[in-house]
Amino acid sequence: MFHKILIANRGEIAVRIIRACKELGIRSVAVYSEADRDCMHARLADESVCIGPASSSLSYLNIAAIMAAAELTDAQAIHPGFGFLAENAEFAEIVNESGLVWIGPTPESMRIMGDKVTAKKKMEIAGVPLVPGSDGAVKDIEEARAIAKKSGFPLIIKASAGGGGRGMKVVHSEASFSNAFSMCKAEAGAAFGDDTVFIEKFLVEPRHIEVQVLGDTHGNIVHLYERECSMQRNNQKVLEEAPSPSIDAETREKICAAGLAAAKAVDYVGAGTIEFLMNADNSFYFMEMNTRIQVEHPVTEWITGVDLIEWQIRVANGEKLAFKQEDLKIKGHAIECRINAEHPFKFTPSPGTVELYHAPGGRSVRVDSHLYTGYKIPPHYDSMIGKIITHARDREKCIRRMQRAIDELVVLGVTTNQELHQRLLANPGFQKGEFNIHFLEKWLKQMSL
Ligand code: ADP
C-alpha cells in the first residue's frame, strides 16, 4: 500500500479523503491556498503545503505547484477529489509521467468521456441508449437545419467540449434555430477552443438518474446501483438519494446494465458515474460520464456498504475488487442534503465567520463537513460547506430521519440553505417521489420567496 497520498483539493472532499487515508494507515498531505490556511483539511492532514494565493487558478488549479508539493513531501500518489483538476486528463498524465500514481481512471478514458461527441460514438457502439439527435458533430447550418426538420422541436445544441452546464442552448422553434446554432458554435469556440457542436432532442420533463461504477486494473467492473439526482437548481444538485424512488426492479436492472456497458466500453478503472436522463415512460438515455468521485457518493456507500474512496485508493494500488456483482445488494434507503452557505431562496453566497457550529448526530446520520466554530468561510470557492446523509430501512423513515437531522443542525454567523431543505423535505411531491429535474425550480417560482 502507498505510504503517503497528496490530496489535490480542499474543504469537505479533502477531509473525506484524509479520513480514508487515516483508516488505511496512509499518511496524508494537504495542499492549501493562502485563504485556506485555517481550513480543516490543512489541519487534519499529517502534512500540509501552501500552494499559492486564494485564486484557484493560482493554487488548486496550479499543476506545477501541486507537483512541487508532491515532490517536496515524497508523496506516492495524488487523489484529485472532485472539481478543480479531477477531470483534467493532462494533469493525470503529468502525475503518471512523474512516476506518481493517479488515483483515478486512465487519461485515455478521461479524454474519451470528456469529449461529448467521442463519448456518444463510443456509447453507440457499446449499445448504450442515446438521446435521439445528430449522428455526431454537425458541420454547418445546412446540416443542422436538416436535422432540426427531421427531429422537430424543442431541441438542444451542445458543445462537444462543454461541461458544468456551459455550452448548451435549448431551441423551441425554427424561427430562432439558425441564430442559436451560429451563436452556440461561436461561443463554444471562444470558451473551449473547440467549436464542435451536436444536436439532441430536448427531453421535456426527464429525471436525472445516474449509475455508480467501480473497476479495477484486472478487468473487473461492477455497478453499485443508481442515484436519483433530479432535485436540481441551475443544473446544480441540491438533494440526492439512493435508490431512486421512481423506478421498478426491471428498469433498475436495465439502467444499471447500461451503466456497466458504458464503463466496460472504455475499460474503466476506479470510481465513475454514468448520468442518464429518464422519461416518464422509463425510457432512458446516456447523457455523460463523470470520471471521478461525485459529491453524492455517500448515499451509494450507505446502501451498498462499500467505501468508495477506500476502493479508489485500493484499485490505484493495483488491488483486485474484493466483491463481485452478485455480492452487492441494496440495503435500505439513503438521502443526502447539500448544505450551502447561501440564502435559502435567493441563493446569494454568504461567506464569513461561523460563530457556532453544531452538527446533527444520532442513529444513521452522517455528516461530511469541514466546518468548525470560529472557521471563516472564504468567499473564493464553492458555497458547499457540508453534506448531511441519513440512512433508514425505507424511504419514509429516511425522510423523517433527515428532517430531524436538518432541524438539529446549527450554523450561526452565516446564512445557510437549511430552511430550503426543511421545506423541501415536507413537500408532498417530494415525499411521494413524484418529481423531475424541473420540480425544484417550479416550486421555488410558485413560492416566490
Ligand atoms: P454538462 O456536461 O455541462 O453537465 P450535460 O450534458 O450533463 O452537460 O447536461 C446538463 C444538464 O442539462 C442535464 O442535467 C439536464 O438537466 C440538461 N440536459 C442536457 N441534455 C438534455 C436533453 N437532451 N434534454 C433535456 N435536458 C437536457
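Calculation rules
Residues numbered from 1 in each chain as written. Predicted model: local features only at pLDDT ≥ 70, side-chain atom pairs only at ≥ 80, totals over all residues. Heavy atoms only, no water. Near = heavy atom within 4 Å. Polar contact = N/O pair within 3.5 Å; in protein donor to acceptor, adjacent residues only side chain to side chain. Areas by Shrake-Rupley, 256 points an atom, 1.4 Å probe, with all protein chains shown as cover. Helix = DSSP H or I, 4+ residues; strand = E, 2+ residues; numbered from the N terminus. Nonpolar A, V, L, I, M, F, W, Y, C, P; charged D, E, K, R; others polar. Buried < 20%, exposed > 50% of the residue type's maximum accessible area, 1.4 Å probe, protein only. Domains from an automatic or database assignment. Pairing = 2+ DSSP bridges. Axes fitted to C-alpha atoms, helices over the stretch in contact; angles between N-to-C directions. Contact = heavy atoms within 4.5 Å. Salt bridge = Lys/Arg side-chain N within 4 Å of Asp/Glu carboxyl O. Core = buried A, V, L, I, M, F, W, Y, C linked by side-chain atoms within 4.5 Å. Arc of directions from axis to C-beta. Left-handed = near helix turned anticlockwise from the far one by under 90°.

Peer 1: So what's going on with the site of the ligand? Which residues, and what values?
Peer 2: Near the ligand there are 20 residues, and of these K116, K158, G165, L203 and E288 occur at the shortest range. At a separation of 2.9 Å, a nitrogen atom of the ligand approaches a polar backbone atom of K201. With respect to the ligand, the side chain of N235 contributes an N or O atom lying 3.5 Å from an oxygen atom. Coverage of the ligand by the protein chains reaches 93% of its 550 Å² of free accessible surface. Mapped onto the shell around the ligand, the elements with two or more residues apiece are β6 (155-163), β7 (166-171), β8 (197-201), β12 (270-278) and β13 (284-290). In terms of residues, the shell around the ligand owes the most to one element, β6, which gives three residues. By residue class, the composition of the shell around the ligand is eight nonpolar, five polar and seven charged.

Peer 1: Tell me about the environment of I209, and please be specific about residues and values.
Peer 2: Along the polypeptide, I209 turns up in strand β9 (residues 207-215). Note on I209: relative accessible area 0%, which makes it buried. In this structure, the C-alpha to C-alpha distance between I209 and F439, residues 230 residues apart in sequence, is 15 Å.

Peer 1: Just give me the short version of the domain arrangement of the protein chain, but keep the residues and values in it.
Peer 2: As far as domains go, the protein chain holds domain 1 (4-89), domain 2 (132-201) and domain 3 (207-447). With centres defined by C-alpha atoms, the gap from domain 1 to domain 2 works out at 38 Å.

Peer 1: Outline the sheet that holds β7, listing residues and values.
Peer 2: Read from one edge to the other, the open sheet built from three strands follows the order β7-β6-β8, with strand pairing classed as antiparallel. Strand pairing shows two members of the sheet lacking a second neighbour, β7 and β8, which therefore form its edges. Shown here is a sheet whose adjacent strand axes are inclined to one another by a mean of 25 degrees, direction ignored. Note that β6 and β8 share five bridges and pair antiparallel. Residue pairing for β8: K158 is matched across the bridge by F198. Relative to the sheet, helix α8 (residues 177-192) contacts β6, β7 and β8, its axis offset from that of β6 by approximately 10 degrees.

Peer 1: Tell me about unusual backbone geometry, and name the residues and values.
Peer 2: Cis rather than trans, the peptide bond between F153 and P154 has omega equal to -5 degrees. Residue A242 is joined to P243 through a cis peptide bond whose omega torsion reads -5 degrees. Locating P243 in the fold gives a position in the loop between β11 (236-242) and α9 (249-265). A positive phi angle is found at F84, which is not glycine, with a value near 40 degrees.

Peer 1: Outline the pattern of salt bridges, listing residues and values.
Peer 2: The full count for this structure, using the stated rule, is 32 salt bridges. Residue K169 is joined to E187 by a salt bridge in which the shortest nitrogen-to-oxygen separation is 3.2 Å. Of this pair, K169 sits in strand β7 while E187 sits in helix α8, placing them 18 residues apart in sequence. Its relative accessible area of 42% is what places E187 among the partly exposed residues. Note that E319 is salt-bridged to R314, the shortest N-O span being 3.0 Å. Judged by its relative accessible area of 24%, E319 is partly exposed. When its relative accessible area of 21% is taken as the criterion, R314 is described as partly exposed.

Peer 1: Give me the lowdown on the nonpolar core, citing residues and values where you can.
Peer 2: Ranked by size, the top nonpolar core spans 59 residues in total, and within it I5, L214, I255, F276, F286 and I313 carry the most contacts. It is helix α1 (residues 11-24) that contributes the most residues to this core, seven residues altogether. Mapping this core onto the domain boundaries places at least three of its residues in each of domain 1 (4-89) and domain 3 (207-447). The contact partners of L214, leaving out residues within four places of it in the chain, are N220, I221, V222, L224, G270, A271, V306, L308, W311, L321 and F323. Counting residues in hydrophobic clusters, the runner-up holds 39 residues, among them V354, Y375, F435 and L440.

Peer 1: Account for the side chain of R366, with residues named and values stated.
Peer 2: Looking at where R366 falls in the secondary structure, it is placed in strand β17 (residues 365-369). Engagement of the side chain of R366 in a polar contact is seen with the side chain of E301, the distance being 2.7 Å. Sequence-distant contacts of R366, defined by excluding residues within four places in its chain, comprise R16, H297, P298, E301, W302, K387, I388 and I389.

Peer 1: Just give me the short version of helix α7 (residues 141-151), but keep the residues and values in it.
Peer 2: Looking at α7, one finds that the buried residues are A144, I147 and A148. Angular distribution of buried residues about the axis of α7 spans 100 degrees; they occupy a single face of the element. Exposed residues pointing more than 90 degrees away from the buried face of α7 are listed as E142, K149 and K150. Considering only its buried residues, α7 is in contact with β6, α8 and β8.

Peer 1: With reference to specific residues and values, describe the side chain of K237.
Peer 2: Its place among the elements puts K237 in strand β11. Separated by 2.9 Å, the side chains of K237 and E210 make a polar contact. Of note is the side chain of K237, whose polar atom sits 2.8 Å from the side chain of E296. Those residues in contact with K237 that lie beyond four places of it in its chain are H208, E210, C229, M231, Q232, E275, Q294, E296 and R338.

Peer 1: If you had to explain the packing of α1 against helix α11 (residues 308-316) to someone new, which residues and values would you point to?
Peer 2: Running from amino to carboxyl end, α1 crosses α11 at an angle of 65 degrees, the nearest separation of the two axes being 9 Å. The handedness of the crossing between α1 and α11 comes out as right-handed. Judged by residue contacts, I13, R16, I17, A20, C21 and L24 of α1 engage L308, I309, E310, I313 and R314 from α11. Split into classes, the residues belonging to the contact of α1 with α11 amount to eight nonpolar, no polar and three charged.

Peer 1: Lay out helix α5 (residues 107-114) with the relevant residues and their values.
Peer 2: Among the residues making up α5, those that are buried are P107, S109, M110, I112 and M113. Elements in contact with the buried residues of α5: α4 (89-97), β5 (101-102), α6 (116-125), α9 and β13.

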